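Understanding the architecture of this molecule
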Amino acid sequence: MNLRTLICPYDPELINGLSNREIGVRVDSASLVSRAAEMVRNSGNRLLCVILDSTQPVEAVPWEDAWKGIPILLTAPAAGEFRKLVHKLPLLKTLNLKIYLSATDENIRDARILSSLGVSCVLRIEAGAVDWEALTDLMTYALCARAPHAPIDPFDYIARKYDAREHLKWGGVYLEDAEKYFHLDKEKNVALSAKEALARQFIGRLDEIEKAEPEEIAQRADAWSRNFTGNSPCATCEGFKICMGSFRPEDGKTEGCKAFFSETIETLGELYAQKDRAGKERVWQL
Amino acid sequence: MANILLTSKCTRSCPYCFAEREMSSSPDQILSWENLIYLADFMAASGERAISLLGGEPTLHPQFVDFVLYLLQREFRVNVFTNGIMSSHRLLELKEQLGAVPNERLSFVCNLNNPEQTDAPLEQQKRVEEFLGAMGPWTQPGFNIYRVDFDLKFLFDLVNLYGMKRRLRLGLAHPVPGASSAYIKPGEIGLAIERLYSYRALFEGYQLDFGPDCGFPLCKFSDEQLGWLYRMGGVDMRFKCGPVIDITPDMSVYSCFPLSSLDRRSIFEFDTLGQVADFFAETHSKIRAEAKNIYPECDGCVQMNKGICSGGGACQLLNIFKNETAVRLLETESELENANLPV
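Rules used in this analysis
- Residues numbered from 1 in each chain as written.
- Chains lettered and ligands numbered in written order.
- Predicted model: local features only at pLDDT ≥ 70, side-chain atom pairs only at ≥ 80, totals over all residues.
- Heavy atoms only, no water.
- Helix = DSSP H or I, 4+ residues; strand = E, 2+ residues; numbered from the N terminus.
- Buried < 20%, exposed > 50% of the residue type's maximum accessible area, 1.4 Å probe, protein only.
- Contact = heavy atoms within 4.5 Å.
- Areas by Shrake-Rupley, 256 points an atom, 1.4 Å probe, with all protein chains shown as cover.
- Lys, Arg positive; Asp, Glu negative; His and termini not counted.
- Charge placed at Lys NZ, Arg CZ, Asp CG, Glu CD.
- Phe/Tyr/Trp six-rings, centres within 6.5 Å; stacked < 30°, edge-to-face > 60°.
- Lys NZ or Arg CZ within 6 Å of the ring centre and 35° of its normal.
- Pairing = 2+ DSSP bridges.
- Right-handed = clockwise from strand over helix to strand, strands pointing away.
- pLDDT = per-residue confidence, 0-100.
- Axes fitted to C-alpha atoms, helices over the stretch in contact; angles between N-to-C directions.
- Parallel < 35°, antiparallel > 145°, perpendicular 65-115°, else oblique.
- Nonpolar A, V, L, I, M, F, W, Y, C, P; charged D, E, K, R; others polar.
- Buried area = accessible area lost by both parts, 1.4 Å probe.
- Salt bridge = Lys/Arg side-chain N within 4 Å of Asp/Glu carboxyl O.

Some remarks on the overall build of chain A
Along the backbone of chain A there are 13 helices and ten strands. Projected onto its principal axes, the C-alpha positions of chain A cover 50 × 50 × 40 Å. Relative to its full complement of 286 residues, chain A shows a buried share of 51%. Partitioning the contacts of chain A with sequence separation of at least 6, the portion at a separation of at least 24 is 55%. If you sum the accessible surface of chain A, you get close to 13,800 Å²; carbon and sulfur atoms cover 48% of it. Here chain A carries 37 positive and 43 negative side-chain charges, and the mean point of each set is 4 Å from the other.

And the structure:
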């Protein structure tokens, strides 16, 4: 059984009870960031990152110089007012930071702004209310913009890992990959995503699961194959290699997601062809 | 350097406005964030370190202050061409958000009209002075000569009163070929220069120098006047007309307002600003090949042949040419008829 990275709440008893694991620790207050990082590092475990779940926009987070050297993943509802954010940028650019934003229209715009200014972002794409056209535009920027800019995931991850011969799972960008991440509560109950952990949709306890993996894990990992057995329209979509059916909207209107993922694959194809012609690595990151 | 137009709206109606036809024929537009970022990338990739913001009136853009902050964060020097007329709210934003930016990084050129010669409501004048009161030290005065009896005295007082930068951006109001805005005709340029020279004591007394904008022909300055320009020190004497690149909110690009309908393209057709400049240099060459020069004596002029003087602005040439076209057509038709050539 491969040992997953554990995404844990900030609980000393829980974390000190683990050993030799890679741990992402969630906090909901900026004042806990440094303490949480130190606790994990002193517990005999490896720190993946501190996940700061903020209800405030990025510009309102009380960023600290002391956070340099701590990998931070900030989940925030929005970037906030640019004129307030701009004063935080000199510090933000020095941090080992990824900002997670949901893919609203405003956040799609702000992810581009942040990236162009050297701050790495991750857009949380969920099936449903996404402006696929705006997202396609952002994808093109993330992959093709000529000026150096910070990565925007999932595009950067997809660009680095894509292989035209294989399907690509990139849920790990959101720390949601049943083969790589477990989300724990204080009692070591395991969920396969943060959302499920919050909803207490657990699949079992850590020690039991690590003795014998439950069916749910394999089912989650192979969920994509049901598109073929279930005769889903996604199975014949040009974008399936990247989407894997994960983003099919409930209303069944797939024009948007189809266009987005197909164009992403097409763009990647062109970029790879360019790279072959150029014969050298293209630098994506600042 | 290129000018990025943030908006197609303006708050003033200058009698000489050479942007008026372009502005009135464009739908209401403002530059989007996505396009601003694209242009910043484009300029950076072209090796440009300075960006000018224009309009219409650029401060009308709802995100004007944020755009300036963004470009500064991208390490561009930002220059804003403004008429200084803005709401109290916008002025407060400028003061609060931009008041600490060093004036080597951010500058304004405030285009000033003589209130006695250019009809404008008192309210406008008041707003200009409020702007200068707040942003004077960042601001260079600008003035467009559109009548030979122009009066500059008001300007020296403003420069002193508001601590403005002591360098005047001085332009000749350009004709928009086919339009009816006020401008200085080629035969009047010498008179305008004499009028300018008459202010030399004030220029020297107020220690104000100036940078003449495009369209001034060298031959219309006497040797004494040229000496005066030179003695003022550091004057960027330009007698050439080259493509000034203007990029609109909808990402069209053209070479300066008066020529905005000629060879208009999309910025997406080019990879660098250099390519854009080369393209419009070709446009200028075509105009000059067809329309020759604004004075007969330009033919065989040593300074023209050496490339020191362009022989007037391309817009002035095109204006003459467009005005000639109908006459030449009729003349040419009747010439051919009378020639009784065998068919």
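Observations regarding the packing of aromatic side chains
Residues and elements named next belong to chain B. Considering all chains together, one arrives at 31 aromatic pairs over all chains under this definition. When the centroid spacing of 5.7 Å and the interplanar angle of 65° are considered together, the rings of Phe203 and Trp228 count as edge-to-face. Here Trp228 lies in helix α9 (residues 223-231) and Phe203 lies in helix α8 (residues 200-205), a separation of 25 residues in the sequence. By relative accessible area, Phe203 is classed as buried at 1%. The structure contains a cluster of three or more aromatic residues connected by ring pairs, namely Phe143, Phe150, Phe154, Phe156, Tyr197, Tyr199, Phe203, Tyr206, Phe210 and Trp228. Stacked on the ring of Tyr295, the Lys or Arg Lys220 has its end atom at 4.3 Å from the ring centre.

A few points about the environment of B:Glu96
Within the element layout of this structure, B:Glu96 appears in helix α4 (residues 88-98). Separated by 30 residues in the primary sequence, B:Glu96 and B:Asp66 have C-alpha atoms spaced 12 Å apart.

Observations concerning the pairing of strand β2 (residues 22-27) of chain A
Looking down a regular strand, the side chains alternate between one sheet face and the other. Residue and element names in this part refer to chain A. With four bridges connecting them, strand β1 (residues 5-9) and β2 associate as parallel partners. Of the residues in β2, the one forming a bridge with Cys8 is Val25. Relative to strand β3 (residues 46-53), β2 is paired through six bridges, and the arrangement is parallel. Bridge pairing in β3 links Val27 to Leu52. In this fold, β2 hands off to helix α2 (residues 33-42), which returns the chain to β3; that crossover is right-handed.

Focus on the environment of B:Gly274
Here B:Gly274 is to be found in helix α10 (residues 273-291). Considered as a pair, B:Gly274 and B:Met1 are 273 residues apart in the sequence and their alpha carbons are 9.7 Å apart.

Examining the confidence of the model for chain A
Taken over all residues, the pLDDT of chain A has a mean of 91, while the share at 70 or more is 97%. The spread of mean pLDDT over the elements of chain A runs between helix α11 (residues 226-229) of chain A, the lowest at 77, and strand β4 (residues 72-75) of chain A, the highest at 98.

A word on the sheet that holds strand β2 (residues 50-54) of chain B
Residues and elements named next belong to chain B. Ordered by their spatial adjacency, ten strands build an open sheet running β7-β6-β5-β4-β3-β2-β1-β8-β9-β10, and the pairing between neighbours is mixed. Edge positions in the sheet fall to β7 (209-212) and β10 (265-266), since each has one partner strand and no second. With three bridges connecting them, strand β8 (residues 245-247) and strand β9 (residues 252-255) associate as antiparallel partners. Its bridge partner lying in β9, Ile245 is registered against Ser255.

Details of unusual backbone geometry
Look at the link from A:Asp153 to A:Pro154: it is a cis peptide, with omega at 10°. If you check the backbone angles, A:Leu175 has positive phi at about 60° while not being a glycine. Within the fold, A:Leu175 resides in the loop between α7 (155-161) and β8 (181-184). Judged by relative accessible area, which is 8%, A:Leu175 ranks as buried. Here B:Met251, not a glycine, exhibits a phi torsion of approximately 70°, which is positive. Tracing the backbone through its elements, the reader meets B:Met251 in the loop between β8 and β9. Residue B:Met251 is classed as buried on the basis of its relative accessible area of 1%.

Looking at the pairing of strand β5 (residues 97-102) of chain A
All names here are of chain A. Taken together, the four bridges between β4 and β5 define a ladder with parallel strand orientation. Residue pairing for β5: Thr75 is matched across the bridge by Tyr100. Relative to strand β6 (residues 120-124), β5 runs parallel, the two being bridged by five bridges. Residue pairing for β6: Leu101 is matched across the bridge by Leu123. What joins β5 to β6 is helix α5 (residues 105-116), and the crossover it makes is right-handed.

Things to note about the sheet that holds β6(A)
Strand pairs in the sheet, formed through backbone hydrogen bonds, run parallel or antiparallel to each other. Residues and elements named next belong to chain A. The ten strands are arranged β7-β6-β5-β4-β3-β2-β1-β8-β9-β10 in an open sheet whose pairing can be described as mixed. Where the open sheet ends on each side, the last strands, each with one partner, are β7 (152-153) and β10 (204-205). Relative to β8, β1 runs parallel, the two sharing three bridges. Bridge assignment links Ile7 to a residue of β8, and that residue is His183. This element, α2, spans β2, β3 and β4 of the sheet and lies at about 155° to β3. Lying over the sheet, α5 contacts β5, β6 and β7, oriented at roughly 160° with respect to β6.

Examining the packing of α5(A) against helix α6 (residues 132-144) of chain A
Geometry of a packed helix pair, given as the angle between the helix axes and the separation of the axes. All names here are of chain A. One can describe the packing of α5 onto α6 by two numbers: an axis separation of 10 Å at closest approach and a directional angle of 10°. With respect to α6, the axis of α5 lies roughly parallel. Together, Ile108, Ala111, Arg112, Ser115 and Ser116 of α5 and Ala134, Leu135, Asp137, Leu138 and Tyr141 of α6 make up the contact between the two elements. Of the residues that constitute the contact of α5 with α6, the class distribution is six nonpolar, two polar and two charged.

Regarding the interface of chain A and chain B
If you look at the interface, chain A gives 17 residues, while chain B gives 17 residues. Roughly 1,600 Å² of surface becomes buried between chain A and chain B when both sides are summed, with 58% attributable to carbon and sulfur atoms. It is A:Phe82, A:Arg83 and A:Arg146 in chain A that bury the most area against chain B; as a group they hold 43% of the surface buried on that side. Counting across the chain A and chain B interface gives two salt bridges.

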